[in-house]
Every structure is written in structure tokens, then in C-alpha cells.
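Observations on chain architecture
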Number of protein chains: 2
Amino acid sequence: MFELAPEFERDSLWLADWPLCQLRVQNDTNYPWFILIPRRVAMVEIIDLTEQDRAQLWRESAHLSMFLKVAFQAKKLNVAALGNMVPQLHLHHIARYEHDIAWPAPVWGKAPAQPYTETQWQQLKQKLALLTIPS
Amino acid sequence: MFELAPEFERDSLWLADWPLCQLRVQNDTNYPWFILIPRRVAMVEIIDLTEQDRAQLWRESAHLSMFLKVAFQAKKLNVAALGNMVPQLHLHHIARYEHDIAWPAPVWGKAPAQPYTETQWQQLKQKLALLTIPS
């Protein structure tokens, strides 16, 4: 049965269950930072997924990316599967701006997380109401 | 016409032209670090590619990833499209080890590049002779 690594429960918030992935947001207002986690057991690398699941992962990734590009007016998207610390397969999608705290460096390890306040969380959810479920 | 950003000419070495991407290796022996650059004009985000090109990108990425996993016995693969500094669309594929100089952090900005010596370069090319061209 699919289980989420405890680090995701601790550091991110549930947004939606898509056909393949769970969509979560990193609990860090420094960046609009979303994570897709395939709801499959014991996956570590992208190539551990079946070809069919991989195609679905990329559909969901493109769907999320297009939304981030438009709704967050990102200067650049960072899309990455690293997993050195949390091996459970997950794909980061981060909207980056020239004025963000880590620019132009990658975000990892750059600045302490700034958790969402209740108001910020409600604003985020309002924005994400426009995000449809990908097929 | 497809042109390579000058940073790639400076920091990486040509290995092969695949159906969609140019395959290059970062000139840094700290890590087995490969880069796929779609040979298309004016692409910045993965979602800038046509759906067909995107499917081909992921085929080539999976082909390279499977090779890295086996031939380099990587503990973990890092697959990432960042592009904050060099906007031309490119996809990093880095074989990571618990004993590498940046582990478990991402590699970017961690350690000065250690360029390949002639001997190391010949050894790399010998290893890569096993890497077929993906369909």
C-alpha cells in the first residue's frame, strides 16, 4: 500500500490526489514549491515506474508546470527529481523569480522554511482552485 | 538553427547527438554528470517542447538513466531541469554516491569543477562505448 515518507508529512501539505501522483506544497512561502509523489509502492527512481506510469507522471508534471507558469508568473520553473535525503520518488516543481531568496541558486539548503500562515494558506488554496485535475 | 549556449561549450564536452538531444558530459570528475540538450531553437522550459518532442526527451532521459544506474552503479540519480543561470533548456543527469563531495546536497555550487585529464577522458569514452543511441 502506498505510504508517504514521514518527511513529506512534516514538511509539506496535501493538496490533491491526481490519477498517479499526490500533489503537495512544500510548507515554505519562500517559493511556490510543489511536489508530485507517484502513489506507487517502493519507487525511488523515475525509471522504476512502468512505462505507462512514467507517461502519466510527465502528463501530470506538464499540467502542473503550465499552471505554475501562468498562475504564478514564474521567471523560470525548476523541475527536479533528487531524493538524496528522502528516497521516496518525488518530483519538485518550483516557480522561481529573480527576486526570490535563493536566486539564481537552486533552493535546497538555502534559506530556512517560512511556513504558511492561515491567511497565506487560504490565498494559496484560492489560487489553486483554478488548477484542474489532469486526465 | 540550433545553437549551443556558450556556457555549455565552456563547461562540458560533446558526447553524442541523439534523435532529439545533444548528450554532453560536464567537465567535472567530481561526479558522473551528463546533460541532455534538446536540439531545438529557443526552448527554455520542458513544456516549451511539443508533446512529441517531450515524449522523446523522456525516452532519451530514461535510456541515459538506465545506463547510469548500471554502468556507474549510482546510489541515486539526480534528474533536473533548473536553468536559472543558463536558460537554454537542458536536463541534468547526475550519478550520486554517498562518498561524493557534495552528498547528500545537490551538486550545484558545492565544489570547484575538476576537469577530466586525458586519461580520465579516454576511460570515460571507453565506458560510454556501451551506451547505445536510443530510438
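It should be noted that the structure appears before, not after, this text.
Keep in mind it's a predicted model, so treat the numbers as computed, not measured.

Along the chain, the position of B:A42 falls in the loop between β3 (33–38) and α2 (51–71). In sequence terms B:A42 and B:E60 are 18 residues apart; their C-alpha atoms lie 20 Å from each other.

Let's shift gears to the side chain of A:D28. Residue and element names in this part refer to chain A. Within the element layout of this structure, D28 appears in the loop between β2 (21–26) and β3 (33–38). The side chain of D28 sits in the buried core without any salt bridge; R96 is the nearest counter-charge, 10 Å away. Leave out the neighbours within four places in its chain, and D28 touches W33, P112, A113, Q114 and Y116.

Think of interface size as the accessible area that goes away when the parts come together; that is how it is often given. Facing the 27 residues of chain B at the interface are 27 residues of chain A. Here chain B and chain A share an interface that buries about 2,400 Å² over both sides, 64% of which is from carbon and sulfur atoms. When the area that chain B buries against chain A is broken down by residue, the three leading residues are B:I47, B:K76 and B:N84, summing to 27%. For the pair chain B and chain A, the number of links is 14 residue pairs in polar contact (both at pLDDT 80 or more). When strand β4 (residues 76–81) of chain A meets strand β4 (residues 76–81) of chain B, the two strands line up antiparallel, connected through three bridges. Within the sheet, the bridge partner assigned to A:A80 lies in β4(B) and is B:A80.

With that settled, consider empty space enclosed by the protein. Under the definition given, this model contains four cavities of 30 Å³ or more. Lining the largest cavity are A:I46, A:I47, A:R54, A:W58, B:W58, B:S61, B:A62, B:S65 and B:V79. Taken together, the elements giving at least two residues each to the lining of the largest cavity come down to α2 (51–71) of chain A together with α2 of chain B. Top element by residues in the lining of the largest cavity is α2(B). It accounts for four residues. Split into classes, the residues belonging to the lining of the largest cavity amount to six nonpolar, two polar and one charged.

So, about the relation of the copies chain B and chain A. Think of it as a corkscrew move, a rotation about one axis and a shift along it, taking one chain copy to the other. Note on the identical chains: chain B maps onto chain A by a rotation of 180° and an axial translation of 0.0 Å, with an RMSD of 0.0 Å. Between the two chains, the operation in question is that of a two-fold axis. Judged by C-alpha distance, B:A80 is the residue of chain B that lies nearest the rotation axis, at 2.0 Å. The share of interface residues of chain B whose copies in chain A are also at the interface is 100%, consistent with both copies meeting through the same surface.

Criteria and thresholds
- Residues numbered from 1 in each chain as written.
- Chains lettered and ligands numbered in written order.
- Predicted model: local features only at pLDDT ≥ 70, side-chain atom pairs only at ≥ 80, totals over all residues.
- Heavy atoms only, no water.
- Helix = DSSP H or I, 4+ residues; strand = E, 2+ residues; numbered from the N terminus.
- Buried < 20%, exposed > 50% of the residue type's maximum accessible area, 1.4 Å probe, protein only.
- Lys, Arg positive; Asp, Glu negative; His and termini not counted.
- Salt bridge = Lys/Arg side-chain N within 4 Å of Asp/Glu carboxyl O.
- Contact = heavy atoms within 4.5 Å.
- Buried area = accessible area lost by both parts, 1.4 Å probe.
- Polar contact = N/O pair within 3.5 Å; in protein donor to acceptor, adjacent residues only side chain to side chain.
- Pairing = 2+ DSSP bridges.
- 1 Å grid on protein atoms, 1.4 Å probe; cavity = no way out; pocket = protein on both sides within 12 Å on 5 of 7 lines; lining within 4 Å.
- Points joined across faces, edges and corners; volume = space filled by probe spheres on them.
- Nonpolar A, V, L, I, M, F, W, Y, C, P; charged D, E, K, R; others polar.
- Least-squares fit on C-alpha atoms with pLDDT ≥ 70 in both.

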